[in-house]
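# Structural description and commentary
Chain by chain, the residues run as shown.
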Amino acid sequence: WDLKKHGGGGVAVIDAESVHTDLVSLFQSHLKADAYQWISHTSGACNVSCGGGHHARPASCIRWLDGAPVDDSLCTSQNKPATLEPCVATYGCAWHLGEFGAC
């Protein structure tokens, strides 16, 4: 269907199908460079129960448009988030009382 635009003394005919095609083409060309992105998942537990350690935080490559998982090779490795993060755990720490020592 056509839309007719009146104004300025002239009439412009706009073909909705070609406008749609142009917009889709523009959108797709804009997405090509950034069509895939890394996402980080929930962190796992700390690898130690007391003190400093690390926990895993897996990352996956997804298609930006619909969030579907894709092969990791489609995402750039330089933008990949860290998959190991530092952590400090205290739940396994315990005080051990003993005799006083010399100063």
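Please refer to the structure placed before this passage.
Throughout what follows, the structure given in this document is the object of discussion. (Residues numbered from 1 in each chain as written. Predicted model: local features only at pLDDT ≥ 70, side-chain atom pairs only at ≥ 80, totals over all residues. Heavy atoms only, no water.)

### A look at the overall build of the protein chain
If you tally the helices and strands in the protein chain, you get 1 helix and 6 strands. Seen in sequence order, the protein chain has helices and strands lined up from the N terminus as β-β-α-β-β-β-β. Out of the 103 residues in the protein chain, the part that is buried amounts to 13%. A separation threshold of at least 6 residues defines the contact pool for the protein chain, and within that pool the share at least 24 residues apart is 53%. Split by element, the accessible area of the protein chain, about 8400 Å² in all, is 57% carbon and sulfur. (Helix = DSSP H or I, 4+ residues; strand = E, 2+ residues; numbered from the N terminus. Buried < 20%, exposed > 50% of the residue type's maximum accessible area, 1.4 Å probe, protein only. Contact = heavy atoms within 4.5 Å. Areas by Shrake-Rupley, 256 points an atom, 1.4 Å probe, with all protein chains shown as cover.)

### Structural notes on the pattern of salt bridges
In total, this model carries 2 salt bridges according to the counting rule given. Notably, a salt bridge pairs Glu 85 with Arg 57, separated by 3.8 Å at the nearest N-O pair. Note that Glu 85 is positioned in strand β6 (residues 84–89) and Arg 57 in the loop between β4 (51–56) and β5 (59–63), a separation of 28 residues in sequence. You can call Glu 85 partly exposed: its relative accessible area is 25%. According to the relative accessible area criterion, Arg 57 is partly exposed, its value standing at 28%. For Arg 63, the salt bridge is made with Asp 66, and the minimal N-O distance between the two is 3.0 Å. On the accessibility criterion, Arg 63 (32% relative accessible area) is partly exposed. (Salt bridge = Lys/Arg side-chain N within 4 Å of Asp/Glu carboxyl O.)

### Points about the environment of Pro 81
Locating Pro 81 in the fold gives a position in the loop between β5 and β6. With 41 residues separating them in the primary sequence, Pro 81 and Ser 40 have C-alpha atoms 6.9 Å apart.

### Details of the state of the cysteines
Within the structure shown, the criterion is met by 3 disulfides. Cys 46 shares a disulfide with Cys 87; S-S distance 1.9 Å. The S-S bond linking Cys 46 to Cys 87 shows a torsion near 80°; that makes this disulfide right-handed. Pair noted here: Cys 46 is in the loop between β3 (36–40) and β4 and Cys 87 is in strand β6, with a separation of 41 residues, a long-range link. Here Cys 46 and Cys 87 have matching classes, each one buried. With a sulfur-sulfur separation of 1.8 Å, Cys 50 is cross-linked through a disulfide to Cys 93. In this structure, the disulfide formed by Cys 50 and Cys 93 twists by about 105° around the S-S bond and is classed as right-handed. In this pair, Cys 50 sits in the loop between β3 and β4 while Cys 93 sits in the segment after β6, placing the two residues 43 residues apart along the sequence. (Disulfide = S-S within 2.5 Å.)

### Examining the nonpolar core
By size, the foremost hydrophobic cluster in this structure holds 5 residues: Trp 38, Ala 59, Cys 61, Val 70 and Cys 75. What Cys 61 contacts, discounting residues up to four positions off in sequence, is Tyr 36, Gln 37, Trp 38, Ala 68, Pro 69, Val 70, Asp 71, Asp 72, Leu 74 and Cys 75. (Core = buried A, V, L, I, M, F, W, Y, C linked by side-chain atoms within 4.5 Å.)

That is the geometry; function is a separate question.
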